[in-house]
Amino acid sequence: MGLVIHHELVDKEKAEKLVEMCPFGAITYEDGKLDITAGCKNCKMCVRKGPEGVITFEEEKESAAVNKDDYRGICVYADSDHGELHKVSFELIGKAKELAKVIGHPVYALLIGYKTDENVKELLSYGVDKVFVYDDAALADSDIERYTNCFSDFIENNKPSSIMVGATNLGRCLAPRVAARFHTGLTADCTRLEMKENTDLVQIRPAFGGNIMAQIISPKHRPQFCTVRYKIFNKPEKTENPTGTVEKVTVRPEWLNTRTEIISVEKKPKELDISGADVIVAVGRGLKKA
Ligand code: SF4
């Protein structure tokens, strides 16, 4: 909760006293409304020394832990910006299968887009247990609000334990939005993932400028979200006889409400892309003639 303004106790005199008192200029009083801005440093001077009861500090209530047994499955978001599946999705499927073995969970792929049949086949060929498909003409362009609504519906109805998203432009827009809707944690740009037997996903990534490898878990929340960059994990072999199933979800009109109007989409001309290179040779100022 943090700082709370009790507006019923505010009058002009008290408000002006608070504005003057805040050492960081974070309190404003405009048009008869007292407000605390983002400049607040939480020093709580206004609580301790301000007019009694006008601003109080309320401790955050600790949220109850979810029942982990209610959540099952490791889901890979199949990144298909404008219909083109990104290869990071296959790499994540490989890792998801490895992690799922530890806890005996199924591996899902979530595909959102339009005219998805070919992509569904491709995902099944990498051995996922089930592909959930949200296919609609209105999802042809990657409108982030619509995608967030479909993604949220998938979570509400299927309760996956962990969700892995490629750290692509689309994935980086989508994952935090969905994670925020479910009040759960998200670890960006993981470089290693491990699974505990209690289904906690250990999300490992460099922190503090690369000086430590942080191990991050979400012990009280589900689903557990992480993003992973392309080329961190290996792409698995395709299976010759896919056995996975497909669930096509009917897209509801209310999920397509959006405040974004996509006027046109122009593909950037292909540039030399080094993100997919196996070897990069870099030289710098230190290079000298032998
Ligand atoms: S907590 Fe400190 S910084 Fe924040 S509004 Fe109060 S006095 Fe200003």
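Residues numbered from 1 in each chain as written. Predicted model: local features only at pLDDT ≥ 70, side-chain atom pairs only at ≥ 80, totals over all residues.

**Topic: the domain arrangement of the protein**
Consideration 1: The assigned domain composition of the protein is domain 1 (2-58) and domain 2 (68-256).
Consideration 2: With centres defined by C-alpha atoms, the gap from domain 1 to domain 2 works out at 43 Å. (Domains from an automatic or database assignment.)

**Things to note about the site of the ligand**
Consideration 1: C22, C40, C43, M45 and C46 are the nearest of the 13 residues found near the ligand.
Consideration 2: For the shell around the ligand, the per-class residue count stands at ten nonpolar, one polar and two charged. (Near = placed C-beta within 6 Å. Nonpolar A, V, L, I, M, F, W, Y, C, P; charged D, E, K, R; others polar.)

**Some details on the sheet that holds strand β15 (residues 224-228)**
Consideration 1: Overall, parallel pairing links the seven strands, which are arranged β11-β15-β10-β5-β8-β9-β16 in an open sheet. The sheet is open, and its two borders are formed by β11 (186-190) and β16 (245-249), each paired with just one other strand. When the angles between neighbouring strand axes are averaged without regard to direction, this sheet yields 20°.
Consideration 2: Judged from the six bridges that link them, strand β8 (residues 107-113) and strand β9 (residues 130-135) form a sheet pairing that is parallel. Residue pairing in the sheet places G113 in a bridge with D135 of β9.
Consideration 3: Along the sheet face, helix α6 (residues 169-181) touches β5 (74-78), β10 (162-166), β11 and β15 and points at about 170° away from the line of β15. (Pairing = 2+ DSSP bridges. Helix = DSSP H or I, 4+ residues; strand = E, 2+ residues; numbered from the N terminus. Axes fitted to C-alpha atoms, helices over the stretch in contact; angles between N-to-C directions. Contact = placed C-beta atoms within 7 Å.)

**Observations concerning unusual backbone geometry**
Consideration 1: P223 follows R222 through a cis peptide bond whose omega is -10°.
Consideration 2: In this structure, P223 sits in the loop between β14 (212-216) and β15.
Consideration 3: Unlike most non-glycine residues, H82 shows phi in positive territory, near 55°.
Consideration 4: If you trace the backbone, H82 turns up in the loop between β6 (80-81) and β7 (84-85).
Consideration 5: Judged by C-beta crowding, with 12 C-beta atoms within 10 Å, H82 ranks as exposed.
Consideration 6: At T199, a position not held by glycine, the phi torsion is positive, near 75°.
Consideration 7: With respect to the helices, strands and loops of the structure, T199 is situated in the loop between β12 (192-195) and β13 (201-207).
Consideration 8: Taking the number of C-beta atoms within 10 Å as the measure of exposure, T199 has 20 and is therefore buried. (Buried ≥ 20, exposed ≤ 12 C-beta atoms within 10 Å, placed from the backbone.)

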